[in-house]
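Given next are the chains, with one letter for each unit.
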Amino acid sequence: MKKELLSVLLMLLPMLASADAVEINGIWYNLVPKAKEAAVTSNPNGSKYSGSIEIPASVTYNEVEYSVTSIGENAFRYCNGLTSVTIPSSVTSIGEGAFGYCSGLTSVTIPNSVTSIGKGTFGYCNGLTSVTIPNSVTSIGGGAFEGCSGLTSATIPNSVTSIGSYAFGGCSGLTSITIPSSVTSIDYGAFYSCSGLTSVTIPNSMTSIGDGAFEGCNGLTSVTIPNSVTTIGKSAFYNCI
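It should be emphasised that the depicted structure is a prediction, and the values quoted were computed from it without experimental measurement. (Residues numbered from 1 in each chain as written. Predicted model: local features only at pLDDT ≥ 70, side-chain atom pairs only at ≥ 80, totals over all residues. Heavy atoms only, no water.)

**Here we look at the nonpolar core**
Then, in step 1: Ranked by size, the top nonpolar core spans 68 residues in total, and within it I71, F76, F99, F145 and F168 carry the most contacts.
Then, in step 2: For this core, the leading source of residues is strand β2 (residues 27-32), giving four residues.
Then, in step 3: Once residues lying within four places of it in the same chain are set aside, the contact partners of F168 are I140, F145, L151, A154, I156, I163, L174, A190, F191, Y192 and C194. (Core = buried A, V, L, I, M, F, W, Y, C linked by side-chain atoms within 4.5 Å. Buried < 20%, exposed > 50% of the residue type's maximum accessible area, 1.4 Å probe, protein only. Helix = DSSP H or I, 4+ residues; strand = E, 2+ residues; numbered from the N terminus. Contact = heavy atoms within 4.5 Å.)

**Quick notes on the sheet that holds strand β4 (residues 51-54)**
Then, in step 1: With respect to topology, three strands assemble into an open sheet ordered β4-β7-β9, the strand pairing being parallel. The sheet terminates laterally at β4 and β9 (107-109), the two strands that pair on one side only. Geometrically, the sheet is characterised by an average inter-axis angle of 15° between neighbouring strands, direction not taken into account.
Then, in step 2: The sheet contact formed by β4 and strand β7 (residues 82-86) spans four bridges and is parallel. (Pairing = 2+ DSSP bridges. Axes fitted to C-alpha atoms, helices over the stretch in contact; angles between N-to-C directions.)

**Regarding the sheet that holds strand β17 (residues 199-201)**
Strand pairing in a sheet is mediated by backbone hydrogen bonds. Such pairs are either parallel or antiparallel.
Then, in step 1: Read from one edge of the open sheet, three strands run β15-β17-β19, paired in parallel fashion. Two strands lie at the open edges of the sheet, namely β15 (176-178) and β19 (222-224), each paired on one side alone. On average, each strand axis in the sheet is inclined to that of its neighbour by 0°, with strand direction left out of account.
Then, in step 2: Here β15 pairs with β17 via three bridges, running parallel. Directly across from I177, in β17, lies its bridge partner V200.

**Comments concerning the side chain of S84**
Then, in step 1: Take S84: it is sitting in strand β7.
Then, in step 2: A polar atom in the side chain of S84 sits 2.7 Å from the side chain of S52.
Then, in step 3: Setting aside its immediate chain neighbours within four residues, S84 contacts G51, S52, I53, L105 and S107. (Polar contact = N/O pair within 3.5 Å; in protein donor to acceptor, adjacent residues only side chain to side chain.)

**Some details on the packing of aromatic side chains**
Then, in step 1: All told, the structure shown has 12 aromatic pairs when counted by the stated rule.
Then, in step 2: Ring geometry for F76 against F99: centres 4.9 Å apart, planes inclined by 5°, an arrangement best described as stacked. Here F76 is found in the loop between β6 (64-71) and β7, whereas its partner F99 is found in the loop between β8 (93-94) and β9, with 23 residues between them in sequence. F99 matches F76 in its accessibility class, with the two residues each being buried.
Then, in step 3: Ring centres of Y166 and Y188 lie 5.7 Å apart, and the angle between their planes is 85°; this geometry places the pair in the edge-to-face category. Residue Y166 is located in the loop between β14 (162-163) and β15, and its partner Y188 is located in the loop between β16 (185-186) and β17; the two are separated by 22 residues in the primary sequence.
Then, in step 4: The exposure class assigned to Y166 is partly exposed, which follows from its relative accessible area of 31%.
Then, in step 5: Each member of the aromatic cluster is reached from another via a ring pair, and the members are Y49, F76, F99, F122, F145, F168, F191, F214 and F237. (Phe/Tyr/Trp six-rings, centres within 6.5 Å; stacked < 30°, edge-to-face > 60°.)

**Considering the environment of G147**
Then, in step 1: Structurally, G147 can be placed in the loop between β12 (139-140) and β13 (153-155).
Then, in step 2: Under the relative-accessibility criterion, G147 is labelled buried at 11%.
Then, in step 3: Each C-alpha atom of the pair G147 and G46 lies 24 Å from the other, and the pair is 101 residues apart in sequence.
Then, in step 4: Not counting the four nearest positions on each side in its chain, G147 is found in contact with Y124, N126, G169 and G170.

**Focus on a nonpolar patch on the surface**
Then, in step 1: On the surface, Y78, Y101 and Y124 cluster together into a nonpolar patch covering about 280 Å² of accessible area.
Then, in step 2: Relative to the helices and strands, Y124 is located in the loop between β10 (116-117) and β11 (130-132). (Patch = residues over 30% accessible without salt bridge, like charges linked within 9 Å, V, L, I, M, F, W, Y side chains within 5 Å. Areas by Shrake-Rupley, 256 points an atom, 1.4 Å probe, with all protein chains shown as cover. Salt bridge = Lys/Arg side-chain N within 4 Å of Asp/Glu carboxyl O.)

**Remarks on the environment of W28**
Then, in step 1: In this fold, W28 is placed in strand β2.
Then, in step 2: Owing to a relative accessible area of 12%, W28 belongs among the buried residues under this scheme.
Then, in step 3: Note: C-alpha distance between W28 and A38 (10 residues apart in sequence) is 9.5 Å.

Right, dumping it as C-alpha cells:
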C-alpha cells in the first residue's frame, strides 16, 4: 500500500510543481508561488502580443504579489505586430528566442538588471534599428541579434567578455561596431555577412578571432588586428572583397 501511495505521489509531483499560465492585464505569466516570482510567457491560446507593451515590475494574483523576474523562452516569438517593449529593472534574465522573429519591433529597453542576452533573443527582428546593451550584461549569446537587417548601430559595453556565434550575423545594415577591451574572443560567424560594415578595430584584449567571424563582410575596407591576437580562425575574413 505504501509503495502504491509513493508511486501516485511521484506521478503528481510534476503537476504540483508547475502551474497553468495566468493572464494579468493582457500579459501572460507563469507564477512561482513559493518564491513569489513571475515569468512572462506566451499566450497558451496561440494569440500573439501586439502594439506597445510595458511589462510591470510586479503583478498581483489572488491577493498575492509576485515580482516579475524573467521573460521566458519564446515568450514573444513571432509576435509580428509587437512594436515596442519596456522591460522593468526587476527582470534579471531573458530566455532564448524571447523576441525572435518580431519583425515589427522597432525599439526595446533592456534594463541594467539583465546580466545575459541568450541565444536568438532578438533574432530576425529586422525592424529593430538600434540597441543599447546595458553595463550589467557580461555575455551575448549565439544568434542574439542574428538577421536584424535593420540594425544600424549597436553599443556593446565594457562588461561584455564574450560574443557568441552568429551574434550579429546577417546584420547587413550595421555600419560600425566597437568591440570593447573586455572581450577576449569572438566566436565563429559572430559578424558573418555584415555587408554594411566598413571598418573594425579589434582591442588589445583579444587573443583569438573565430572561424568565419567576419566572413562575407564585403564592405569591409580596413581591419586593425593587435599583437595580442594569436589565432585567426578559418575563413575569418573570407569573401571580404
